[in-house]
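Okay, here's what each chain looks like letter by letter:
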Amino acid sequence: LVGSLKCLFYNAVVKTPLNLNISPLILAKETKRMTRQIASIFNKNSVKGIIDLSQSNAVPFSTTPLDIATFLRESLPLGLDKAAVGEYLGSVGKSALPANNSSAKRVYNFERDWFHKEVLQSYCSLFHFENQSLLDGLRMFLSSFRLPGEAQQIDRILQAFAESCGQKCEEAVNSWI
């Protein structure tokens, strides 16, 4: 943001990976536009949204669990639906298929059960629960997405929250819980 504002006053130019001279403001605007498009796709189909996210050159994300969690956390103002975020965080993912099943559809790593678990843990680690009560941490956490309707999904999400917040919140630090 500061770099984008500097270009308004200093006529700064940023070199992109393609060696094109583009001002930081135009680059930031293009990144925001691409993130909005990917968020719209993710709202309809999370798999297609993550594929587009990984293939997009304008958006600085890859398909690591931390990058997906960061996208879910930071893209809410750009049109990402809270219900879609909650649905993705609560989903269990696909388990590994037997090797002899040649007619099976391709399953990406980000669809696997271990990946979903790591995304959920990374998502919880993006919150700063230090010097906050358990109740304030829960309010902050639940305000960033909408809980899905299935009990098992809610249990997964709240278990990850408990593991993350239980180590950092005010009550845990002061041994009140």
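Each value, and the rule that gives it
- Residues numbered from 1 in each chain as written.
- Predicted model: local features only at pLDDT ≥ 70, side-chain atom pairs only at ≥ 80, totals over all residues.
- Heavy atoms only, no water.
- Salt bridge = Lys/Arg side-chain N within 4 Å of Asp/Glu carboxyl O.
- Helix = DSSP H or I, 4+ residues; strand = E, 2+ residues; numbered from the N terminus.
- Buried < 20%, exposed > 50% of the residue type's maximum accessible area, 1.4 Å probe, protein only.
- Core = buried A, V, L, I, M, F, W, Y, C linked by side-chain atoms within 4.5 Å.
- Contact = heavy atoms within 4.5 Å.
- Axes fitted to C-alpha atoms, helices over the stretch in contact; angles between N-to-C directions.
- Parallel < 35°, antiparallel > 145°, perpendicular 65-115°, else oblique.
- Nonpolar A, V, L, I, M, F, W, Y, C, P; charged D, E, K, R; others polar.

S.K.: Tell me what's going on with the pattern of salt bridges, and back it up with residues and numbers.
M.R.: Tallying each qualifying case throughout the model produces 2 salt bridges. For the salt bridge of D136 with R139, the shortest nitrogen-to-oxygen distance reads 3.7 Å. With D136 and R139 both in helix α7 (residues 134-142), this residue pair falls 3 residues apart, about one helical turn. Looking at D136, the relative accessible area reads 38%, which means it is partly exposed. Under the relative-accessibility criterion, R139 is labelled exposed at 54%.

S.K.: Please set out the nonpolar core residue by residue, giving values where relevant.
M.R.: Core analysis: the biggest nonpolar cluster contains 31 residues, and L72, L89, Y123 and F141 have the highest contact counts within it. Once you skip the residues sitting within four places of it in the chain, L72 turns out to touch F42, L80, V85, Y88, L89, V119 and Y123.

S.K.: How would you summarise the packing of helix α2 (residues 24-44) against helix α3 (residues 46-55) if you had to cite specific residues and measurements?
M.R.: The description of two packed helices rests on the angle between their axes and on the distance between the axes. Close contact between α2 and α3 brings their axes to 6 Å; oriented N to C, the two are set at 155 degrees. Put simply, α2 runs roughly antiparallel to α3. Contacts from I38, I41, F42 and K44 of α2 reach α3 at S46, K48, G49, I50, D52 and L53. Residues of the contact of α2 with α3, tallied by class, amount to 5 nonpolar, 2 polar and 3 charged.

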